[in-house]
Amino acid sequence: MQRRLIFILFFLSVFFEIAFCQNNSLGISQDEYAGRGQNLLSSLDSGSVVVMRSGDFKMRSNDVEYRYRQESNFLYLTGWRSPNRYIILSSHSFVVDEKNVNSILFTSSKEESTNTQVMPNEILMNINRFQEIFKSVLKDAKTLYISAPDLPFVNDWLNDKKIFLDKNAKKELEQKYPGLKVKNALPLFGKFREIKSEAELRLMRKSIELTWNGLKRAMINCQPGRWEYELQADIEYEMMRGGADFPSWTPIVGSGENSLILHYDDNRRQTKEGDLVVLDVGAEYDGYACDITRTIPVSGKFTKAQTEVYDVVLRAQEEVIKIVKPGITMKDMDAKAKEIITQAGYGKYIRHGVTHPVGIDVHDIWASDTIRAGMVMTVEPGIYIPADADSIALDFRGFGIRIEDDVLVTASGCEVMTKNVQKEIAEIEALMK
Ligand code: GLY
Ligand code: MN
Ligand code: MN
């Protein structure tokens with residue numbers, strides 16, 4: 001009897017798997033990568049060439065490596081995780097070794113054979129041929145788009161000057177190839193990266209789930225005397241245990257006056273009774289981030305003053321979330337948050353904008369300020385009242401409160417993707433009891 005039951009259950013589970021779970025695997029499929037390459041290619045004006053560079057290896061002592069994180073456009077286009085690679089992608093096909101190609105991936109890796117194809121008409125080549133081919137492709141190009149890890153400048157501190165390598169390199173190329181315009185590829189990628197596919201959303205939901213687990217663990221374990229780094233460890237424990245690549249950035253665990261420091265990540269202070277702690281965290285899962293902030297009372301209960309300020313931040317967040325829909329701008333969102341916080345009398349304690357897109361990068365790129373369906377944005381108002389704010393009662397000073405959720409813009413409004421993460425005062429206090 002029992003065996004028959006197990007048998008039936010097994011068949012039922014297989015049936016459900018086939019009927020409902022197909023196409024539900026996490027991760028970006030090869031087809032989706034191919035579509036990204038095709039989209040990028042079709043968006044190019046004729047005579048355009050895109051050149052891309054991944055990062056280089058980063059070393060600590062001698063040749064000990066730490067885990068490499070791919071450059072974001074490179075990751076978006078190819079899914080390749082390794083450093084030391086280049087790509088040339090061209091609107092027009094060109095001939096290399098008697099083959100007609102639109103795209104070449106350059107690698108120094110011997111293991112990488114031609115078993116993956118991401119972009120249309122693509123071949124794989126050793127990196128030592130990059131210069132030769134780059135030069136020949138540029139001869140017929142009108143526009144060159146460059147995508148590479150950010151390199152604003154190198155500080156030549158010995159001679160007291162800043163060397164803008166990128167700027168000089170672009171100028172030199174334009175001189176070498178008269179008629180060539182060299183541009184940044186970011187707007188090109190922004191247009192595609194700002195709209196999230198179903199697969200991307202699945203990865204972001206997973207990132208949210210792991211981040212939520214971390215926040216819950218930190219809230220449950222929090223009590224006066226706990227060190228900020230212990231709360232950080234609670235958060236990272238759940239992220240890594242759930243299979244995250246790493247935290248998307250060093251978790252911000254700012255207690256007491258550290259809650260006033262926007263990108264605080266020393267996490268070295270011991271918490272004490274009466275503190276608030278700003279926990280601003282996100283797991284990177286298979287290349288995708290989320291960005292969540294919760295502000296919690298160390299002792300498990302908000303004071304009267306903290307409650308009053310918290311309610312204003314929460315109301316500002318709710319009001320911003322209400323207006324999010326395609327067609328509004330990020331400025332509209334900022335203005336709404338400012339309006340609510342200013343009306344409540346805390347206008348001068350606003351320190352940052354209320355939104356940014358999230359995706360492969362926690363501060364993801366976008367093409368224009370106007371919001372479109374399929375974008376994922378943060379809504380993160382905050383009020384920061386310094387200890388020396390003498391125009392305000394003493395128990396209202398010396399803390400910052402930020403509440404940050406991630407919303408997916410839909411056709412008519414938005415969905416709060418992080419809605420399960422405890423946010424109401426009563427929910428936070430219940431969890432921390
Ligand atoms: N975690 C950085 C931010 O909220 O923008
Ligand atoms: Mn954040
Ligand atoms: Mn943010």
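What counts, and at which threshold
Residues numbered from 1 in each chain as written. Chains lettered and ligands numbered in written order. Predicted model: local features only at pLDDT ≥ 70, side-chain atom pairs only at ≥ 80, totals over all residues. Heavy atoms only, no water. Helix = DSSP H or I, 4+ residues; strand = E, 2+ residues; numbered from the N terminus. Contact = heavy atoms within 4.5 Å. Areas by Shrake-Rupley, 256 points an atom, 1.4 Å probe, with all protein chains shown as cover. Lys, Arg positive; Asp, Glu negative; His and termini not counted. Charge placed at Lys NZ, Arg CZ, Asp CG, Glu CD. Pairing = 2+ DSSP bridges. Axes fitted to C-alpha atoms, helices over the stretch in contact; angles between N-to-C directions. Left-handed = near helix turned anticlockwise from the far one by under 90°. Nonpolar A, V, L, I, M, F, W, Y, C, P; charged D, E, K, R; others polar. Donors = N, O, S within 2.8 Å, 3.2 Å for Na, K, Ca; no water. Buried < 20%, exposed > 50% of the residue type's maximum accessible area, 1.4 Å probe, protein only. Expected span 1.5 Å × (residues − 1). Core = buried A, V, L, I, M, F, W, Y, C linked by side-chain atoms within 4.5 Å. pLDDT = per-residue confidence, 0-100. Parallel < 35°, antiparallel > 145°, perpendicular 65-115°, else oblique.

**Structural notes on the overall build of the chain**
Secondary structure assignment for the chain yields 11 helices and 18 strands. Sequence-distant contacts, at least 24 apart, represent 69% of the contacts inside the chain between residues at least 6 apart. Of the roughly 21800 Å² of accessible surface on the chain, a fraction of 52% belongs to carbon and sulfur atoms. Looking at charge distribution, the chain has the averaged site of its 54 positive side-chain charges lying 2 Å from that of its 61 negative ones.

**Some thoughts on the sheet that holds strand S13 (residues 292-297)**
Reading across the sheet, the three strands line up as S10-S11-S13 and stay open at both edges, with antiparallel pairing between neighbours. This sheet does not close on itself; its edge strands, each paired only once, are strand S10 (252-255) and S13. On average, adjacent strands in this sheet sit at an angle of 15° to one another, irrespective of strand direction. On top of the sheet, helix H8 (residues 228-241) reaches S10 and strand S11 (276-281); it is set at about 150° to S10, its chief contact.

**Comments concerning the packing of helix H7 (residues 198-221) against H8**
Where H7 contacts H8, the axes come no closer than 7 Å and their chain directions differ by 145°. The two elements H7 and H8 cross, and the hand of that crossing is right-handed. Packed against H7, whose contacting residues are Leu210, Thr211, Asn213, Gly214, Leu215, Arg217, Ala218 and Asn221, the element H8 presents Leu231, Asp234, Ile235, Tyr237, Glu238 and Met239 at the interface. Residue classes in the contact of H7 with H8 are distributed as seven nonpolar, four polar and three charged.

**A few points about the coordination of the manganese ion (ligand 2)**
Ideal coordination angles are 109.5 degrees for a metal with four donors arranged tetrahedrally and 90 or 180 degrees for a metal with six donors arranged octahedrally. Donor atoms from the polypeptide that bind the manganese ion (ligand 2) are Asp280 (OD), Asp280 (OD), Asp291 (OD) and Glu404 (OE), placed at 2.0 to 2.6 Å. Mapped onto the sequence, the residues coordinating the manganese ion (ligand 2) show the spacing D-x10-D-x112-E. In this model, the manganese ion (ligand 2) sits 3.3 Å from the manganese ion (ligand 3), the two metals being bridged by Asp291. With a gap of 113 residues between them, Asp291 in the loop between strand S12 (283-284) and S13 and Glu404 in the loop between strand S16 (399-402) and strand S17 (405-409) connect regions that are remote in the sequence. Side by side, Asp291 and Glu404 carry an identical accessibility label, which is buried.

**Structural notes on the coordination of the manganese ion (ligand 3)**
Protein coordination of the manganese ion (ligand 3) is provided by Asp291 (OD), His356 (NE2), Glu380 (OE) and Glu404 (OE), with donor distances spanning 2.0 to 2.3 Å. Taken in chain order, the donor set of the manganese ion (ligand 3) reads D-x64-H-x23-E-x23-E.

**Brief notes about helix H9 (residues 304-323)**
Here H9 is 20 residues long and its end C-alpha atoms lie 29 Å apart, about the 28 Å a rise of 1.5 Å per residue gives. Every buried residue belonging to H9 is among Ala305, Gln306, Val309, Tyr310, Val312, Val313, Leu314, Ala316, Gln317, Val320 and Ile321, and all of these are buried.

**Looking at the nonpolar core**
What tends to happen in soluble globular proteins is that the nonpolar side chains get buried as a cluster. By size, the foremost hydrophobic cluster in this structure holds 83 residues, and its most contacted members are Phe189, Tyr346 and Ile383. Looking at which element gives the most residues to this core, the answer is H7, with nine residues. Not counting chain neighbours up to four residues away, the residues in contact with Ile383 comprise Val309, Val312, Val313, Ile341, Tyr346, Tyr349, Phe399, Gly400 and Ile401. By size, the runner-up hydrophobic cluster in this structure holds 21 residues, among which are Ile88, Ile104, Tyr177 and Val182.

**Comments concerning the confidence of the model for the chain**
Per-residue pLDDT for the chain has a mean of 91; in total, 92% of the residues score no lower than 70. For the stretch residues 12-24, pLDDT sits under 50, and the model shows four contacts to residues farther than four places along the chain or on other chains.

**Examining the pairing of strand S1 (residues 48-53)**
In terms of residue burial, S1 counts as a mostly covered element, since five of its six residues are buried. Note: S1 against strand S5 (residues 143-147), five bridges, orientation parallel. Residue pairing across strands places Val49 opposite Leu144, the latter belonging to S5. As paired elements, S1 and strand S2 (residues 85-96) share five bridges and run antiparallel to each other. When the sheet's bridge partners are listed, Val49 is paired in S2 with Ser90.

**A few points about the packing of H7 against helix H11 (residues 425-432)**
Following both chains from N to C, one finds H7 and H11 inclined at 65°, their axes separated by 7 Å at the closest point. It follows from the interaxial angle that H7 and H11 lie roughly perpendicular. Contacts from Lys216, Met219 and Ile220 in H7 reach Ile428, Leu431 and Met432 in H11. Partitioned by chemical class, the residues of the contact of H7 with H11 number five nonpolar, no polar and one charged.

**Considerations on unusual backbone geometry**
Look at Asp97: it is not a glycine, yet its phi comes out positive at around 50°. Relative to the assigned elements, Asp97 resides in the loop between S2 and strand S3 (99-107). A positive phi angle, close to 55°, is found at Asn267, a residue other than glycine.

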